[in-house]
Amino acid sequence: MKLNNLIDLLSSVSLGTQLDKWLWAYDPSCLFSVKSTGRLIDVGRLPQGGAKTRWNKFALTKINIFIWRVMLDRLPVRSKLAERGMDLDSTLCPICQDNLETVSHIFPVPVRCLNLKAGGSMFEENITDIT
C-alpha cells in the first residue's frame, strides 16, 4: 500500500539533465555571501531601531559577538538575571557595591573605534568618571 502511494507520487516527477546547484534565497542574485547573511540578520532577526551589526574581520568571532551583545544590552548581568527570576544574593555591582549591575553600568563608555591621534598616542581616550 505505502509502496504504491510512493510510486504514484514519484510518477509525476521528471528529472532534467542539467547539473544541480545551490541557490541562496535571501539574495536577489541567488548567490550566497557573508554580506547577504549579515543583511538577513539585520533585517529579519534583530529588533528594529538599533544599530546594524558591524563585524570587525580582524577581531575574533567571540569578541564581535560579545560587543554585539553589549550594544543590544543582552549580557547576563545581575539586573537581567533578577528580572528573569534567578535568586541572587544581590543585584548590586560586585566591584563598587553602589549601583545596580547593568550593561550601561559595566560599560559606561560606548564601544569606539581605535583612532590614531596626531600626537602619537595609540588610542583616543574618552573615559568619563561614572561616580
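Parameters at a glance
- Sequence order as written defines the numbering, with residues in each chain counted from 1.
- Totals for whole chains, interfaces and linings use every residue, but because this is a predicted model, local features are given only for residues with pLDDT of at least 70 and side-chain atom pairs only at 80 or more, for both listing and counting.
- Think of the side-chain values as coming from all heavy atoms in the structure, minus any hydrogens and water.
- Any carboxyl oxygen of Asp or Glu within 4 Å of a side-chain nitrogen of Lys or Arg constitutes a salt bridge here.
- For every residue, the accessible area obtained with a 1.4 Å probe (protein chains only) is divided by the maximum for its type, and the residue is called buried under 20%, exposed over 50%, and partly exposed between those limits.
- To count toward a patch, a residue needs a relative accessible area over 30% and no salt bridge; like charges are then connected within 9 Å, while nonpolar side chains (Val, Leu, Ile, Met, Phe, Trp, Tyr) are connected within 5 Å.
- In this description, accessible areas are obtained by the Shrake-Rupley approach with a 1.4 Å probe, and a residue is regarded as covered only by the protein chains that are shown.
- Secondary structure elements follow DSSP: runs of H or I no shorter than four residues count as helices, runs of E no shorter than two count as strands, and numbering proceeds from the N terminus.
- Pairing of aromatic side chains here covers Phe, Tyr and the six-membered ring of Trp, requires ring centres within 6.5 Å, and sorts the geometry by plane angle: under 30 degrees stacked, over 60 edge-to-face, intermediate tilted.
- Residues are treated as being in contact if the distance between any of their heavy atoms lies within 4.5 Å.
- A 3.5 Å cut-off defines polar contacts: any pair of N or O atoms within that distance qualifies, except that in protein one atom must be a possible hydrogen donor and the other a possible acceptor, and neighbouring residues in sequence count only when both atoms are side-chain atoms.
- A residue's pLDDT is the confidence the predictor assigns to it, expressed on a 0 to 100 scale.
- Pairs of cysteine sulfur atoms within 2.5 Å are identified as disulfides in what follows.

Participant: Explain the pattern of salt bridges to me, please; I cannot follow it from the model alone.
Facilitator: Opposite charge on two side chains permits pairing when their charged atoms draw close. Per the counting criterion, the structure on display carries 2 salt bridges. Note that K80 is salt-bridged to D73, the shortest N-O span being 3.4 Å. Looking at D73, the relative accessible area reads 32%, which means it is partly exposed. A salt bridge links E101 to R78, with the nearest nitrogen and oxygen atoms 3.7 Å apart.

Participant: Before we go on, may I ask you to explain a nonpolar patch on the surface in this structure?
Facilitator: A cluster of nonpolar residues, L3, L6, I7, L9, L10, V13 and L15, forms a patch on the protein surface that exposes about 770 Å² of accessible area. Judged by relative accessible area, which is 52%, L10 ranks as exposed.

Participant: What is the right way to read unusual backbone geometry from this model?
Facilitator: Most peptide bonds take the trans form, and the phi angle of most residues other than glycine is negative. For C30, which is not a glycine, the phi torsion comes out positive at approximately 65 degrees. Checked against the element boundaries, C30 lands in the loop between helix 1 (2–11) and helix 2 (34–45). The backbone phi angle of Q97 is positive, close to 55 degrees, even though this residue is not glycine. For Q97, the position within the fold is in the loop between helix 4 (78–83) and helix 5 (103–106).

Participant: In this structure, what is going on with the packing of aromatic side chains? I would like to understand it.
Facilitator: Two measures describe an aromatic ring pair: the distance that separates the ring centres and the angle between the ring planes. With the rule as written, the count across this model stands at 2 aromatic pairs. Where W24 meets Y26, the ring centres are 5.1 Å apart and the plane angle is 70 degrees; that geometry is what we call edge-to-face. Between W24 and F32, the ring centres sit 5.0 Å apart and the planes meet at 90 degrees, which makes this aromatic pair edge-to-face.

Participant: Please clarify how the environment of D27 should be interpreted in this entry.
Facilitator: Mapped onto the fold, D27 is located in the loop between helix 1 and helix 2. Linking D27 and L40, residues 13 residues apart in sequence, is a C-alpha distance of 8.9 Å. Sequence-distant contacts of D27, defined by excluding residues within four places in its chain, comprise S36 and R39. Polar side-chain contacts of D27 include one of 2.5 Å to the side chain of S29.

Participant: What should I look at first to understand the confidence of the model for the protein in this one?
Facilitator: Caution applies to low-pLDDT parts of the model: their predicted coordinates are not meant to be read in detail. Chain-level statistics for the protein give a pLDDT mean of 75 and a share of 73% at 70 or above. The spread of mean pLDDT over the elements of the protein runs between helix 2, the lowest at 75, and helix 4, the highest at 94. Within the model, pLDDT remains below 50 along residues 111–131, and this stretch shows 15 contacts once partners closer than five positions in the same chain are excluded.

Participant: How do you make sense of the state of the cysteines when you look at a structure like this?
Facilitator: Disulfide: a covalent bond connecting the sulfur atoms of a pair of cysteines. Counting across every chain of the model gives 0 disulfides. C93 provides the cysteine sulfur closest to C96, a residue in no disulfide bond, and the two sulfurs are 3.9 Å apart. Since its relative accessible area comes to 29%, C96 is described here as partly exposed.

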